[in-house]
Amino acid sequence: MKQVGVALIGLGTVGSGVYKTVEMQKSYIEHKEGISLTIKKVLALDYALNIPDWQKAKDYHKDIIADESIDIVVELIGGINPAREFVLAALGAGKTVVTANKELIARHWPELNAAAKNSGAGLYFEASVGGGIPILRTIWDSLQANEVTSVMGIINGTTNYILTKMDEDKASFEKVLAEAQQLGMAEANPKNDVEGLDAMYKLSILSSMAFHARVPVEYIYCEGITGITQEDIAYGNELGLTVKLLAIGKKKDKTIEVRVHPTMIPKTHPLAAVRGAFNAIFLRGNIVGDIMLYGRGAGDMPTASAVVSDVVYAAGREKHHYTTFYNEDNVSDELSFENNWECEFFIRIIVLDRPGVLAKIASVFGKYGVSIASVRQQGVSSDSVPLIFVTHKAKEISVKRAIEDTSYLPEVLSVASTIRVER
Ligand code: HSE
């Protein structure tokens, strides 16, 4: 039986889940994988679990790095510092690192990958995208024959929970967010989730793996859900569309587009059925066609499932493998990133109800080559009425310009929302 010593950094929600999983599943993993896992040390500021004193590390370097019986360091504290220093020290000492830290991987991947390669250690991060959903290893180990041409995912549970509740309860973003915070479904500081940053880090990792190319966060367009209103959700419903915060990656020939933004999708789309805090990733490969993976994207035990899977996977390998992206050394080598993508748009404009207003707006749209697929006016009022447009596929920059010009028309009170549509 192969004996594998593990150190945990962090014993919060996910750390506790990993600790419990190793205890609970130890003999099952021994029987099934021939690998005996032992948690040798835990380094934490706060202990969400009662653990024996002998397991508590006092000094990272003395108690973990210098301990030759520790093969794998599991980093679960999140954020960049001190996680980066901990991970680099472990890799430098030849210890394999397993982490759930999406921000660290997204921002420091080349440096960490080089440190791992240099010492021959492994670097694994399945839990960084989609929590318990085994998406990265599916791409790495089960889709080798495929060139992935698109990924589209709901990879932030907090925002999917908020959008689902706004739809079900007909409530505002602010009200649902406050309720979600009370229930522990959203952080006290929800910025990372509601402004799309968490999904952006995850998309950087997911699309890099999917497209066999490094996709730094700086190339990802990112817009959160703070501007989504009850009206948008209701008008979307009337059009058979539902609003989701989607992380989208597309690759065509040598061009990649990557974006995180609220997106209207048809209610018949498989991702529309993903409600509450669940995550799902819809992926298209040139050989396999479409596949979708669905599950819990957060939480102690689902995330622990991915972390412990990485530990077992790493422990079972003679040699670790490393990314060999097309643009490993230089992001712009061979590939370019598109920021003028094409999609349909849902646009809600508040106007004075006067003859000729629709024609004026249509003429501005036409000037920029934006073709209108449908328009509806809701209600009659001497003051203001909403006009709801859905365009045919149009270029992002053309739509931005058309909207800017439209907003200067004297009868236009405001362009209340612009939401991209994917089908
Ligand atoms: N905050 C994340 C979410 C979970 O809401 O999905 C951790 O990645």
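Residues numbered from 1 in each chain as written. Predicted model: local features only at pLDDT ≥ 70, side-chain atom pairs only at ≥ 80, totals over all residues. Heavy atoms only, no water.

Undergrad: Teacher, can you tell me more about the overall build of the chain here?
TA: Of regular secondary structure, the chain possesses 13 helices and 17 strands. A globule of 423 residues ought to have a C-alpha radius of gyration of about 22 Å, and the chain, at 24 Å, matches this closely. Expressed along its principal axes, the backbone C-alpha trace of the chain runs to roughly 80 × 50 × 35 Å. Going through the 423 residues of the chain one by one, you find that 54% of them count as buried. Relative to all contacts within the chain whose residues are 6 or more apart in sequence, the contacts with residues 24 or more apart total 74%. Entry remark: accessible area of the chain is about 18300 Å², with carbon and sulfur atoms responsible for 50%. Of the side-chain charges in the chain, 44 are positive and 51 negative, and the distance between the mean point of each set is 2 Å. (Helix = DSSP H or I, 4+ residues; strand = E, 2+ residues; numbered from the N terminus. Rg over C-alpha atoms; globule rule 2.2 N^0.38 Å. Buried < 20%, exposed > 50% of the residue type's maximum accessible area, 1.4 Å probe, protein only. Contact = heavy atoms within 4.5 Å. Areas by Shrake-Rupley, 256 points an atom, 1.4 Å probe, with all protein chains shown as cover. Lys, Arg positive; Asp, Glu negative; His and termini not counted. Charge placed at Lys NZ, Arg CZ, Asp CG, Glu CD.)

Undergrad: Would you mind showing me how to read the pattern of salt bridges here?
TA: Two side chains carrying opposite charge are able to pair once their charged atoms lie near each other. Under the counting rule described, the total for this entry stands at 28 salt bridges. Ionic pairing is found between Lys202 and Asp198, a salt bridge with its closest N-O pair at 2.6 Å. In this pair, Lys202 and Asp198 are both assigned in helix α9 (residues 197-211), four residues apart and thus about one turn of the helix distant. Take Lys202 and Asp198: they sit in the same class, and that class is buried. Within the structure, one salt-bridge network assembled from shared partners comprises Glu223, Glu396, Lys400 and Arg420. (Salt bridge = Lys/Arg side-chain N within 4 Å of Asp/Glu carboxyl O.)

Undergrad: Could you clarify how one ought to interpret the packing of aromatic side chains in this entry?
TA: What characterises a pair of aromatic rings is the spacing of the ring centres plus the angle enclosed by the ring planes. The final tally for this structure, using the stated rule, is eight aromatic pairs. Measuring from centroid to centroid gives 5.3 Å for Trp109 and Phe125, while their planes differ by 75 degrees, and the two rings are edge-to-face. A residue pair is termed long-range when its members are at least 10 positions apart, and Trp109 in helix α4 (residues 102-119) and Phe125 in the loop between β5 (123-124) and α5 (135-142) qualify at 16 residues. On the basis of relative accessibility, which here comes to 4%, the residue Trp109 falls in the buried class. Seen in terms of ring centroids, Tyr219 and Phe337 are 4.2 Å apart; in terms of plane orientation they differ by 40 degrees. Their pairing is tilted. Within this pair, whereas Tyr219 is found in the loop between α9 and β7 (221-222), its partner Phe337 is found in strand β12 (residues 336-337), the two being separated by 118 residues in sequence. Chaining the aromatic ring pairs together yields one cluster made of Trp109, Phe125 and Phe325. Lying over the aromatic face of Tyr47, Lys56 brings its terminal NZ or CZ to 4.7 Å of the ring centre. Geometry around Tyr313 places Arg137 over its ring, the cationic atom sitting 4.1 Å from the centre. (Phe/Tyr/Trp six-rings, centres within 6.5 Å; stacked < 30°, edge-to-face > 60°. Lys NZ or Arg CZ within 6 Å of the ring centre and 35° of its normal.)

Undergrad: It is not clear to me how the layout of surface pockets should be interpreted in this structure. Could you clarify?
TA: Gaps left between atoms show up when a probe the size of a water molecule is rolled over them. Counted as a void, the largest pocket has a volume near 1400 Å³. Lining the largest pocket we find 47 residues, and of these Thr13, Val14, Lys102, Glu187 and Ala298 sit closest to its centre. Elements with a minimum of two residues in the lining of the largest pocket: α1 (13-33), α4, α6 (157-169), α8 (191-194), α9 and β10 (278-285). For the lining of the largest pocket, the class distribution of residues is 18 nonpolar, 20 polar and nine charged. Two domains each provide a minimum of three residues to the lining of the largest pocket, namely domain 1 (2-128) and domain 2 (135-297). Considered as a void within the structure, the second largest pocket measures approximately 620 Å³ in volume. Forming the boundary of the second largest pocket are 26 residues, of which Lys250, Glu257, Glu342, Lys393 and Glu422 lie nearest the centre. (1 Å grid on protein atoms, 1.4 Å probe; cavity = no way out; pocket = protein on both sides within 12 Å on 5 of 7 lines; lining within 4 Å. Points joined across faces, edges and corners; volume = space filled by probe spheres on them. Nonpolar A, V, L, I, M, F, W, Y, C, P; charged D, E, K, R; others polar. Domains from an automatic or database assignment.)

Undergrad: Is there a simple way to think about the environment of Ile287 in this case?
TA: Mapped onto the elements, Ile287 comes out in the loop between β10 and β11 (289-296). Ile287 sits in the exposed class, given a relative accessible area of 59%. Distance in space between the C-alpha atoms of Ile287 and Glu187 is 40 Å, their sequence separation being 100 residues. Once you skip the residues sitting within four places of it in the chain, Ile287 turns out to touch Ala145 and Asn146.

Undergrad: Explain the domain arrangement of the chain to me, please; I cannot follow it from the model alone.
TA: One widely used convention gives an interface's size as the accessible area the parts lose upon coming together. Structurally, the chain comprises domain 1 (2-128), domain 2 (135-297) and domain 3 (342-421). Centre-to-centre, using C-alpha coordinates, domain 2 lies 26 Å away from domain 3. Listed per partner, the contact involves 16 residues of domain 2 and 13 residues of domain 3. Of all residues in domain 2, Tyr235, Leu239 and Met264 bury the most surface against domain 3, accounting for 42% of the area lost on that side. Seen at the junction of domain 2 and domain 3, the total is three salt bridges. Ionic pairing is found between Asp232 and Arg348, a salt bridge with its closest N-O pair at 2.9 Å. Linking domain 2 to domain 3 there are seven residue pairs in polar contact (both at pLDDT 80 or more). In terms of residue class, the side of domain 2 that touches domain 3 is built from seven nonpolar, four polar and five charged. (Buried area = accessible area lost by both parts, 1.4 Å probe. Polar contact = N/O pair within 3.5 Å; in protein donor to acceptor, adjacent residues only side chain to side chain.)

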